[in-house]
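# Tertiary structure, described
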Amino acid sequence: MKILAVDYGDARTGLAACDPTELLASPIGVIKEKSLAKTAEQIVLASQKHAVGMIVIGLPKNMDGTEGARAQKSCRLAETLRAVVSIPVELWDERQTTISAANILSENGTYGKKRKDVLDAVAATVILESYLAYRKNTGR
């Protein structure tokens, strides 16, 4: 099944999608929007364009596992999407994904404006890869 992953942020939201075999996750873009409602609209459009069967939203938990204000915003986005799409919308622990994405970009020599433009989409890809590994290991 094709899955869309979302790294929700205050100003930029990264998107990634996988192929139908759930083997390859790739960044597909960044939504530059501050409004939750407008961001949700763009996510719905992306889910339709890429014909996905599920949306996975990164849940930024604190390192001790608790949920803070950022996590609550992601939960609100998930609730908004669940009200308008007929496919499952899941939340997935995204601790350390932005750090992992930054490391990937550093290893590839991506800095400056280009780095800022792709960081969130790469973070969404890291979220999706983690979720796909979970699905593979649990048979879900």
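Throughout what follows, the structure given in this document is the object of discussion.

Conventions and cut-offs
Residues numbered from 1 in each chain as written. Predicted model: local features only at pLDDT ≥ 70, side-chain atom pairs only at ≥ 80, totals over all residues. Heavy atoms only, no water. Phe/Tyr/Trp six-rings, centres within 6.5 Å; stacked < 30°, edge-to-face > 60°. Helix = DSSP H or I, 4+ residues; strand = E, 2+ residues; numbered from the N terminus. Buried < 20%, exposed > 50% of the residue type's maximum accessible area, 1.4 Å probe, protein only. Core = buried A, V, L, I, M, F, W, Y, C linked by side-chain atoms within 4.5 Å. Contact = heavy atoms within 4.5 Å. Pairing = 2+ DSSP bridges. Axes fitted to C-alpha atoms, helices over the stretch in contact; angles between N-to-C directions.

### Description of the packing of aromatic side chains
The description of an aromatic ring pair rests on the distance of the ring centres and on the angle between the ring planes. If you walk through the whole model with that rule in mind, you get three aromatic pairs. Summarising the aromatic geometry, the rings of Y131 and Y134 are spaced 6.1 Å apart at their centres and angled 40° between planes, so their arrangement reads as tilted. Placement of both Y131 and Y134 in helix α4 (residues 112-138) is noted, with a separation of three residues, approximately one turn of the helix. Judged by relative accessible area, Y131 falls into the buried class, the value being 7%. Taken together, the ring pairs connect W92, Y131 and Y134 into an aromatic cluster.

### Quick word on the nonpolar core
Membership of the largest hydrophobic core comes to 17 residues, with the highest contact counts inside it found for L4, V6, I43, I55, I57, L77 and L81. Only β1 (3-7), α1 (36-49), β4 (54-59) and α2 (69-82) provide two or more residues apiece to this core. It is α1 that contributes the most residues to this core, four residues altogether. Excluding residues within four positions of it along the chain, L77 makes contact with V6, Y8, L36, A40, I43 and I57. Ranked by size, the runner-up nonpolar core spans 13 residues in total, among them A16, A25, A124 and I127.

### Things to note about the sheet that holds strand β3 (residues 25-32)
In spatial order, the strands read β3-β2-β1-β4-β5; together these five strands make up an open sheet with mixed pairing. Sheet topology places β3 and β5 (89-93) at the edges, where each strand pairs with a single neighbour. Taken pair by pair, the neighbouring strands of this sheet meet at an average axis angle of 25°, ignoring direction. Note that strand β2 (residues 12-18) and β3 share seven bridges and pair antiparallel. Counterpart to L15 in the pairing with β3 is G29. Here α1 sits on the sheet in contact with β1, β2, β3 and β4, set at roughly 155° to β1.

### Describing the pairing of β1
Most of β1 sits inside the fold, with five of its five residues counted as buried. Side chains I3, A5 and D7 of β1 all project onto a buried face; the interleaved residues L4 and V6 project onto the opposite face, where all are buried too. Here β1 runs beside β4; their pairing, made up of four bridges, is parallel. Residue pairing for β4: I3 is matched across the bridge by M54. Summarising the sheet, β1 and β2 pair through four bridges and their orientation is antiparallel. Looking at the pairing, D7 lines up with G14 of β2.

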